[in-house]
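Chain residues, written in single-letter form:
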Amino acid sequence: MSFEEAVFEADASFLAVQFYGRVNSIGDNTTFDEATFHGDVTFEYATFEYTSFEDVLFHGAAVFEKATVNGAFLLTDCTFSGVADFDEVTFHDDTSFRNAQFDAHATFRGVEFHGGAAVLADDVTFEDATFAGEVTFYQGTFHYSNFSNTAFQDDVNFERTQFDDDAVFDGATFDSVADFDEVLFNGDASFKGTTFKQKAIFRGGEFLGGTNYLHDDAIFTEAIFLDDADFHDGVFTSANFMDAKFEGSVDFINAEFNDSIKLRASSFGQNTYFNFTDAEVDDGEIIQPESGWIRFDFTKATLGTVTLRAENPDDERELLDYFRICDTTFEGFDFAAHTGYLDRNDWNLHTFDAGNHDYEFAADLTPEMTEKTYLKAKNSASTESNIKAAGEFRVKRQQFARKKFIDIATDASEGVKTRFKNFLRGVENWFLGVSCGYGLRLYRITTVFILFPLIAGFVFAFGGDPFATSGDQLSSIGALATSDGLHTLMINIYFSYITFLTIGYGGIGPTGIGARFTAAGLVYLNVILAGLFLYALIKRSEI
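Definitions and cut-offs
Residues numbered from 1 in each chain as written. Predicted model: local features only at pLDDT ≥ 70, side-chain atom pairs only at ≥ 80, totals over all residues. Heavy atoms only, no water. Helix = DSSP H or I, 4+ residues; strand = E, 2+ residues; numbered from the N terminus. Rg over C-alpha atoms; globule rule 2.2 N^0.38 Å. Buried < 20%, exposed > 50% of the residue type's maximum accessible area, 1.4 Å probe, protein only. Contact = heavy atoms within 4.5 Å. Areas by Shrake-Rupley, 256 points an atom, 1.4 Å probe, with all protein chains shown as cover. Core = buried A, V, L, I, M, F, W, Y, C linked by side-chain atoms within 4.5 Å. Patch = residues over 30% accessible without salt bridge, like charges linked within 9 Å, V, L, I, M, F, W, Y side chains within 5 Å. Salt bridge = Lys/Arg side-chain N within 4 Å of Asp/Glu carboxyl O. Lys, Arg positive; Asp, Glu negative; His and termini not counted. Charge placed at Lys NZ, Arg CZ, Asp CG, Glu CD. Polar contact = N/O pair within 3.5 Å; in protein donor to acceptor, adjacent residues only side chain to side chain. Phe/Tyr/Trp six-rings, centres within 6.5 Å; stacked < 30°, edge-to-face > 60°. Lys NZ or Arg CZ within 6 Å of the ring centre and 35° of its normal.

Asks: Quick question: what am I supposed to make of the overall build of the protein chain here?
Replies: Across its full length, the protein chain holds seven helices and 46 strands. Computed over its C-alpha atoms, the radius of gyration of the protein chain comes to 38 Å, more than 25% above the 24 Å expected for a compact globule of 543 residues. A total of 543 residues make up the protein chain; the buried ones form 50% of that total. Excluding contacts between residues fewer than 6 apart, the proportion of contacts in the protein chain whose partners are at least 24 apart in sequence is 43%. Carbon together with sulfur atoms contributes 50% to the accessible area of the protein chain, which is approximately 24100 Å² in total.

Following this line, the structure appears as structure tokens:
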């Protein structure tokens, strides 16, 4: 059946018509090539086999709603000046809208593109097509689809659409909002070089990938986002954002990267911010580019074997200051790769350079939350046998635990018993920190062992009658210039050390009341410090 170059001056109706013709190569098909429809035309409920609408002009509404297409369907170079309605059309073979022009609203709600047996061809292609008005593919079903270089000049809606094979949007342009909310990509999804001029929405999208394990499942390389990008609750097998550019914020809240992420993005705006709150990133690498560094929020996120690095290894900026670590879980994270930076920065993980922006974070870095963060980091480093990192994080954790205790102790809204108990905890924490670095500073407790009796010896020598011993005292520092004065000082130091070490030969003893209490305190302190020394040995072995 041929309507080639036919002109329909008024409305045309092909309601429920059945077109047969299965093989285009021998002319057994239906063709409307180069036809012109000046009025509205409807093909509702029509059935098509192999059909060609190439270079057709639709000046009015073109309605194909609920049609069934069992053969290849070609609408290449068509122009739709009015509404184009393909709602709930089922395409069982290859379909082409290549270079089609949609000047008004286009709707493909519930459409199904299953494609044919030609495995090398696209099952459906909109390559180089232009949508000047709004277009919706709501709850559509696609097999292998090609939207390369497609221009979407108004809002586009792919919400809850399912792509059962590869989906290619390379070089496409979205001038208005691009809504891919809850889209399921069962094949590879490629947005290489795609430009999103307004907000890009991929909330709840699933990028599960195809069988080609050599490629990334979600590809956004060299994509440009001129507004915010929303991947909230997204699920990725592997994602590639290498050399993508962003001007707004990027929402990866509660997203999952079950295989890997490759991200080397740059910012050409002032508000670029990647929010990975509650996200799970199992593997991959996040690279800060040569310029246009971006800030990342990993509050309550889970980081696996992820590499964080700068493209330029000589960059003087502190890398981890651009990553907010708060209540973050580490599972195999390589702290050893950041030892140099952490050493320079006193092993601080909680420092975040927010720039001039007032971000809203899911959790504040209170002493309690920071303590929890360092506990998670310590446990992870210990699991990975990184003794150095585990020890340093344990010290940081205890320091913030002390701040937590003091905050509670000084909180007037708390009960007296609670405040007093936390005050004692704070004092205990302070003493452990000063004396032995929470069990991790053997040199510190050794220094205390050596210096404390020495200090007590000077107190005995210069403290006056209350601290007098039977070894005599000195009246001034100047007396040390004489041999007798030096001898008196050494006798008192000797008394301090043998008392501290609980030897007590009995050749010298305290006479003043202060000296008696100091001597008792030395013995008591020796017991405590000896216990702390063993505690330090045990704690170091536990890391």
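Asks: Could you clarify how one ought to interpret the nonpolar core in this entry?
Replies: Counting residues in hydrophobic clusters, the biggest one holds 110 residues, and the most contacted among them are Phe37, Phe43, Phe53, Phe108, Phe158 and Phe276. Listing elements by their share of this core, those giving two or more residues are β38 (235–246), β40 (256–267), β42 (280–288), β44 (302–310), α1 (339–344), α2 (367–383) and α3 (387–409). Here this core takes five residues from β38, the largest share from any one element. Phenylalanine 276 has contacts with Phe252, Phe257, Ile261, Leu263, Val281, Phe296, Asp297, Phe298, Thr299 and Ala301, leaving out every residue within four places of it along the chain. One finds Leu432, Cys436, Phe500 and Leu525 within the second-largest nonpolar core, a separate group that totals 17 residues.

Asks: Please explain a negative patch on the surface as it appears in this structure.
Replies: Together, Glu4, Glu5, Glu34, Glu54, Asp55 and Asp77 make up a region of like negative charge exposed at the surface. Tracing the sequence through the fold places aspartate 55 in the loop between β7 (51–52) and β8 (57–58). Residue classification places aspartate 55 among the partly exposed positions, given a relative accessible area of 40%.

Asks: Would you mind showing me how to read the side chain of aspartate 181 here?
Replies: Along the chain, aspartate 181 turns up in the loop between β29 (178–179) and β30 (184–185). Looking at aspartate 181, the relative accessible area reads 10%, which means it is buried. There is a polar contact of 3.4 Å between the side chain of aspartate 181 and the side chain of arginine 203. Contacts of aspartate 181, omitting those with residues within four sequence positions, involve Phe158, Glu159, Arg160, Ile201 and Arg203.

Asks: Help me out: how do you make sense of the pattern of salt bridges in this one?
Replies: Pairing of side chains with opposite charge becomes possible as their charged atoms draw close. All chains considered together, the criterion is met by 18 salt bridges. One salt bridge connects arginine 203 with aspartate 230, and the closest N-O pair in it is separated by 3.0 Å. One end of the pair, arginine 203, is in the loop between β33 (200–201) and β34 (206–207); the other, aspartate 230, is in strand β37 (residues 229–230), with 27 residues separating them in the sequence. Among the residues examined, aspartate 230 registers a relative accessible area of 6% and is labelled buried. Two residues, aspartate 216 and lysine 262, come together in a salt bridge whose shortest N-O distance is 3.7 Å. Highlighted residues: aspartate 216 in the loop between β34 and β35 (218–219) and lysine 262 in strand β40, separated in sequence by 46 residues. Connected through shared salt-bridge partners, Asp181, Arg203 and Asp230 make up one network.

Asks: I would appreciate a short explanation of the packing of aromatic side chains in the present structure.
Replies: Two measures describe an aromatic ring pair: the distance that separates the ring centres and the angle between the ring planes. The tally for this structure, following the rule as stated, stands at 119 aromatic pairs. Judged by centre distance (6.1 Å) and plane angle (40°), the rings of tyrosine 374 and phenylalanine 393 are tilted. Note that tyrosine 374 is positioned in helix α2 and phenylalanine 393 in helix α3, a separation of 19 residues in sequence. For the residue pair tyrosine 374 and phenylalanine 393, the accessibility class agrees, reading buried in each case. The ring centre of phenylalanine 361 lies 3.8 Å from the NZ or CZ of arginine 324, which sits over that ring.

Asks: Before we go on, may I ask you to explain the environment of aspartate 407 in this structure?
Replies: Here aspartate 407 lies in helix α3. Aspartate 407 gets classed as partly exposed once you look at its relative accessible area, which sits at 42%. Taking the C-alpha atoms as reference points, aspartate 407 and alanine 106, separated by 301 residues in sequence, lie 61 Å from one another.

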